[in-house]
Amino acid sequence: MPHVDEGTLHALLDGELGAAEVLEVQTHFATCAACAARLDEARQMLAETERLVAALEPPAGGGAAPAPRLVVGRPMIPVDPVVLIPNNPTPTEVRRSRFKIMAWAASFLVIVGAGFLGLEMRNSLPGNHKPGSLRIRPEEFTFANDRTADSGGSRPGASKPAPAAAADSLSQSRASSPQALPPSAPAPPSATPPAGRAQDKGAANQAAPTQPKTPPTPAKPDASPSTAKDGTPVAELAAGAAAAKAVSGSPPGRAAPANAQKAAPAPAAASAKETAGPQQPRDESKATDDEAAQPSQGQSAEDRAASVDRAMSDKATADLDREQMRQRAAAATAALDREREEERAAAAEEAHRQEAAAAESSPATVDEKANVSRRIGLDEAARQLGGPLHAIDGMTRQLVGLVSPKLVPGADTARPVVRAVYVDRNGRTLYLDQQRVRPGQLDLPFTPQVGPNGQLSWMAGPVLLVLQSDLPQDSLRALARRVR
Amino acid sequence: MTGDAGRLFEEYHDSLVRMLWRRTGDRDRAEELAQETFVRAVAAQPRNPRSWLFAVALNLVREDARKALRQGRRLQLLKNELEPAAPSADEIMERDERAAKVRAALEQLNERDREALLLKAEGFDYEEIAESLGLAKGAVGTTLARARRRLVEAYHDMEGQAKHAAR
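What this report covers is the structure whose coordinates are included nearby.

Procedures and definitions
Residues numbered from 1 in each chain as written. Chains lettered and ligands numbered in written order. Predicted model: local features only at pLDDT ≥ 70, side-chain atom pairs only at ≥ 80, totals over all residues. Heavy atoms only, no water. Helix = DSSP H or I, 4+ residues; strand = E, 2+ residues; numbered from the N terminus. Buried < 20%, exposed > 50% of the residue type's maximum accessible area, 1.4 Å probe, protein only. Areas by Shrake-Rupley, 256 points an atom, 1.4 Å probe, with all protein chains shown as cover. Expected span 1.5 Å × (residues − 1). Polar contact = N/O pair within 3.5 Å; in protein donor to acceptor, adjacent residues only side chain to side chain. Phe/Tyr/Trp six-rings, centres within 6.5 Å; stacked < 30°, edge-to-face > 60°. Lys NZ or Arg CZ within 6 Å of the ring centre and 35° of its normal. Salt bridge = Lys/Arg side-chain N within 4 Å of Asp/Glu carboxyl O. Axes fitted to C-alpha atoms, helices over the stretch in contact; angles between N-to-C directions. Parallel < 35°, antiparallel > 145°, perpendicular 65-115°, else oblique. Left-handed = near helix turned anticlockwise from the far one by under 90°. Contact = heavy atoms within 4.5 Å. Nonpolar A, V, L, I, M, F, W, Y, C, P; charged D, E, K, R; others polar. Core = buried A, V, L, I, M, F, W, Y, C linked by side-chain atoms within 4.5 Å. Pairing = 2+ DSSP bridges.

1. Some thoughts on the overall build of chain B
Alright, step 1. Scanning chain B from N- to C-terminus turns up 8 helices and 0 strands.
Alright, step 2. Across the 167 residues in chain B, those meeting the buried criterion constitute 48%.
Alright, step 3. Within the structure as shown, chain B displays about 8400 Å² of accessible surface, and the carbon and sulfur contribution to it stands at 48%.

So, in C-alpha cells, the structure goes:
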C-alpha cells in the first residue's frame, strides 16, 4: 500500500474509516515507521486543535449552560426581541398563565363590583329607593322641596313666566334624565360618578353656564345627553331668572352630597364629603337666595360667590375622584396580591412535594450507581486513553472514574475502563465508557455496533467507545454522533 | 409545528450559538444569527436539520462578514482583538489573551477550513460536515488535516511573535 495521506490519517483518528480501511492502514503502520510517525504527529495536531478551540469557550459557559427557555404567554413586558420561536408551554407555565388570567379577571370583577357597590349605596338614599335602582326621584331633591315648595309648580319670589316655563322645561329634563340614566345602568358604573360629577359642575355653573357637561370618561356617552339636557336649560335660564337657576342648581346640588356620601365607603373620605356636601347646598342656597332676591342686579357679588362655590365643588369633585380611583386601585391590587400569594404558595408546595419525592427515590450516590471504583481527573484519563477524554457534546458530565472492564462488553479485561457519567434532562444516566485498545486486540467494532444490552460500540482512533444507557436506540445514536 | 420548532431549538441552539461565537467572536451577534437561522428553519423545515442549520448559519456569517469587510468593521474587530492588553498575572486576562490569539489564528485559515474545524468541534461527523459545507465526504479529512495543521502553526507563530515582542 502506498503511504497514508494526511486526510486518511485524520479520518482514522476521527473514527471515520470503515473496518476494512482501518485494517489496511494499521497493517501499513506495522511496516512503515514514517507513516506511524506521521500518525503520531497528526494525533498531536488533533489534540492541540481541540485544546485551542476549547479555549474559545463563550463566557456564559457554552454547552454546559441550559438552553434558554422560550416562554409563550409571558404577559405585558416584551423583554427579548430575539424570542421568535414559540415553545410549547410546560404545565407550570400553563398553570401560571392561567393564574394570571384569573388574577386579571378577578381584579376586573373587583373593580366592577366596587363600582356597583358604590352605585347601590348611592341609590339607597334615606327611605325611598330600591337598591340598584338608578332613578333619582324629584322628591329626593331636598332643595327642590326646601327652596321651591314643589319642583314643578310656582316658585317663591319668582313669579315670572319665563322661569316657570323654564322650570317646566327643567322638570321635563329632570324627568327625562332619570330615563336617560337607566339605559346606562347596565354599563359599568363608572358612568355614574361622571354623571354625578357633571351634575356637580352643573351646580357650580349656575351663574355662568360656560362648559358643556362632558363626563370625564368618554366611554359613557349616555351620561352626557342627560347632563347636556340639564346644561341647556341652565344655559337658557342663566340669562333670565335666579329662581330657575335655583331649581337647576338644586337637583344636582342634592345629588352631589348624595354622591359624596354614597360613593366613598372610607369614613374619612365620607365625612370630608359630608362636610363638603352640606356646605355646597348651603352655599348654593345662599347664592340662590341672593339670586332669587336680586335676579336682575349686577352680578359681581354673585359671580364671586358662584366662582368660590365652583372652586369648592370642583375641588370636592376632584378629591372624590382621586379617592375613588385610589380605592379601586387598592382593591384591585389586593385581589391581585391575593392571587399571587396563592399561586406562590401552590408553587412552593409543589416544589416541596417534588423534592420530597426526589429525596425518597435516590438513596444511592452517583458513584455507587455507576459502579465507579475510583474517580479520576482529566489528566489521568488522558494518560489512560493516550489522548483526551471523549465527551458528549452538549451534555453535562457528572463525573469521570474507573470501572471494571467486566461492565463493558468488548473491553480488554486486563485493564480498567474510563467511564464518563452523564445524566440527561429527565434524570436518566448514560455512560460513555472508553478504553484504549492494545495491539492485536480482537473483535473491535470498526463500524458502530449494537450490543446485547442495547449499548453502542465503536472506535475513535485507538480508543474503544461504548455508550450505555437505557435510552432508546435512536437517542443513543444521536448522542453517539455528538461524541467528540 | 411549534413543537418541532421547539425541539429543534432545544436540541441545537446551544451548539449553534457556540459555533457562531467561536466563528464571530461576538456573543450578541452569535445569538442574533442563531435566532435568524431558527426562524428560517421554521419556514424551510429541512429534512436534515443539523447540517442545514449550521450551513445556513455559516452562510449568514459569510454574508455578514462580507458586508462588514466593506464597512471596515472586521478589520477593526481584529485590530481590537490583537491589541495587547496590559500585562497582568490575572488568570482571566490570560484566558482572554489566549482566546484572542486563538481567534486570530483561526482568522488565518481559509473560510472552508475554518468552518470545517468549527463544525467538527460541535461534534459533526464527516458526512454532516460534507453536507453542511457542500464538500465531498472524501475531501473532509483532507480539509480538516489542513485546517488543524494551519491553526496550530498560526497559533505558534502568534505566540512566537508575542514572546518576541515581550523581549
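2. Examining helix α2 (residues 27–44) of chain B
Residues and elements named next belong to chain B.
Alright, step 1. With 18 residues, α2 extends 25 Å from end C-alpha to end C-alpha; this agrees with the ideal 26 Å at 1.5 Å per step.
Alright, step 2. Here α2 has its buried residues at R29, A30, E31, L33, A34, Q35, T37, F38 and A41.
Alright, step 3. Structurally, the start of α2 carries an N-cap: the backbone nitrogen of D28 is 3.2 Å from a side-chain oxygen of D26.
Alright, step 4. With its phi angle positive at about 45 degrees, Q45 sits one or two positions after the end of α2.

3. Overview of the packing of aromatic side chains
Residue and element names in this part refer to chain B.
Alright, step 1. Going through the model one piece at a time under the given rule, you end up with 2 aromatic pairs over all chains.
Alright, step 2. Note on F9 and F38: the rings are 5.0 Å apart at their centroids and 50 degrees apart in plane angle, and the pair reads as tilted. On the criterion of sequence distance, the pair formed by F9 in helix α1 (residues 2–24) and F38 in helix α2 is long-range, its members being 29 residues apart. Pair check on accessibility: F9 and F38 agree, each one buried.
Alright, step 3. Between F54 and F124, the aromatic rings sit 4.5 Å apart at their centres with planes inclined by 70 degrees, giving edge-to-face as the arrangement. A residue pair is termed long-range when its members are at least 10 positions apart, and F54 in helix α3 (residues 49–71) and F124 in the loop between α6 (111–121) and α7 (126–133) qualify at 70 residues. Here the two residues F54 and F124 agree in accessibility, since each one is buried.
Alright, step 4. A cation sits over an aromatic face here: R103 above W21, 4.7 Å from the ring centre.

4. Description of the pattern of salt bridges
Alright, step 1. Evaluation of the coordinates by the stated rule reveals 31 salt bridges over all chains.
Alright, step 2. Between A:D412 and A:R438 there is a salt bridge; the shortest N-O distance is 3.0 Å. A residue pair is termed long-range when its members are at least 10 positions apart, and A:D412 in the loop between β2 (397–403) and β3 (417–423) and A:R438 in the loop between β4 (429–436) and β5 (449–450) qualify at 26 residues.
Alright, step 3. Judged by its relative accessible area of 39%, A:R438 falls in the partly exposed class.
Alright, step 4. Across the salt bridge formed by B:R29 and B:E32, the nearest N and O atoms sit 2.8 Å from each other. Taken together, the residues B:R29 and B:E32, both in helix α2 and 3 residues apart, mark about one turn of the helix.
Alright, step 5. Under the relative-accessibility criterion, B:E32 is labelled partly exposed at 41%.
Alright, step 6. Through salt bridges that share partners, A:D393, A:R484, B:R18, B:R22 and B:E122 make up one connected network.

5. Comments concerning the packing of α6(B) against α7(B)
Residue and element names in this part refer to chain B.
Alright, step 1. At their nearest, the axes of α6 and α7 sit 10 Å apart, and the two run at 135 degrees to each other. It follows that α6 is oblique to α7 by the angle criterion. The handedness of the crossing between α6 and α7 is right-handed. Along the contact surface, α6 presents R112, E115, A116, L119 and K120, while α7 presents Y126, I129, S132 and L133.

6. As for the packing of helix α1 (residues 6–13) of chain A against helix α3 (residues 33–54) of chain A
Axes are the key here: two packed helices are described by the angle between their axes and the distance separating the axes.
Residues and elements named next belong to chain A.
Alright, step 1. α3 packs onto α1 with a crossing angle of 60 degrees between their chain directions and a minimal axis gap of 10 Å. It follows that α1 is oblique to α3 by the angle criterion. With respect to the hand of their crossing, α1 and α3 are arranged in right-handed fashion. Contacts between α1 and α3 involve E6, L9, H10, L12 and L13 from the former and R38, L39, A42, R43 and L46 from the latter.
Alright, step 2. Class assignment of the residues belonging to the contact of α1 with α3 gives a composition of 6 nonpolar, 1 polar and 3 charged.

7. Regarding the nonpolar core
Alright, step 1. With 59 residues, the main nonpolar core has A:F29, B:L16, B:M19, B:L20, B:I129 and B:L151 as its most contacted residues.
Alright, step 2. Tallying contributions element by element places α1(B) first for this core, with 8 residues.

8. A closer look at the environment of A:G377
Residues and elements named next belong to chain A.
Alright, step 1. Within the secondary structure, G377 sits in the loop between β1 (374–375) and α13 (378–385).
Alright, step 2. G377 sits in the partly exposed class, given a relative accessible area of 33%.
Alright, step 3. When the C-alpha atoms of G377 and L399 are compared, they prove to be 8.9 Å apart, with 22 residues separating the residues in sequence.

9. Observations concerning the pairing of β2(A)
The side chains of a regular strand alternate, first on one face of the sheet and then on the other.
All names here are of chain A.
Alright, step 1. Among the 7 residues of β2, 5 are classified as buried, and the element is accordingly described as predominantly covered.
Alright, step 2. Sheet analysis places β1 next to β2, joined by 2 bridges and oriented antiparallel. Paired with R375 across the strands is G401, a residue of β2.

10. Comments concerning the sheet that holds strand β6 (residues 456–460) of chain A
Think of a sheet as strands paired side by side through backbone hydrogen bonds, with each pair either parallel or antiparallel.
Residues and elements named next belong to chain A.
Alright, step 1. Taken in spatial order, the 7 strands make up an open sheet running β1-β2-β3-β4-β7-β6-β5, and their pairing is antiparallel. The two strands at the open ends of the sheet, each matched to only one other strand, are β1 and β5.
Alright, step 2. Pairing geometry for β5 and β6, over 2 bridges, is antiparallel. Of the residues in β6, the one forming a bridge with V450 is L456.
Alright, step 3. Contacting β4, β5, β6 and β7 (463–469), helix α14 (residues 473–481) crosses the sheet at an angle of about 15 degrees to β6.

11. Here's the deal with the pairing of β4(A)
All names here are of chain A.
Alright, step 1. Counting buried positions over the 8 residues of β4 gives 6, a clear majority of the element.
Alright, step 2. Between β3 and the antiparallel strand that follows it, β4, lie 5 residues; G427 among them carries a positive phi value of about 85 degrees.
Alright, step 3. Pairing of β4 with β7, which is carried by 7 bridges, proceeds in the antiparallel orientation. Residue pairing across strands places L430 opposite S469, the latter belonging to β7.

12. What about the environment of A:R477?
All names here are of chain A.
Alright, step 1. Along the chain, R477 falls in helix α14.
Alright, step 2. Overall, R477 belongs to the partly exposed group, its relative accessible area being 45%.
Alright, step 3. Expressed as a C-alpha distance, the spacing of R477 and V450, which sit 27 residues apart in the sequence, is 9.8 Å.
Alright, step 4. Apart from the residues within four sequence positions on either side, R477 is in contact with V450 and L456.

13. Some details on the side chain of A:T49
Alright, step 1. Positionally, A:T49 belongs in helix α3.
Alright, step 2. Contacts of A:T49, omitting those with residues within four sequence positions, involve B:L117, B:R148, B:L151 and B:V152.

14. Here's the deal with unusual backbone geometry
Phi is mostly negative for residues that are not glycine, and the peptide bonds are mostly trans.
Alright, step 1. Of note in the backbone geometry, A:N371 takes a positive phi value of approximately 60 degrees without being a glycine.
Alright, step 2. The topology assignment puts A:N371 in the loop between α12 (366–370) and β1.
Alright, step 3. With a phi close to 45 degrees, B:Q45 is a non-glycine residue in the positive phi region.
Alright, step 4. If you trace the backbone, B:Q45 turns up in the loop between α2 and α3.

15. Some words on α6(B)
Side chains of residues three or four places apart in an α-helix project in the same direction, reflecting 3.6 residues per turn.
Residues and elements named next belong to chain B.
Alright, step 1. Most of α6 sits out of view: 9 of its 11 residues are buried.
Alright, step 2. Of all the residues in α6, the buried ones are D113, R114, E115, A116, L117, L118, L119, K120 and A121.
Alright, step 3. Residue G123 follows α6 closely and has a positive phi angle near 90 degrees.

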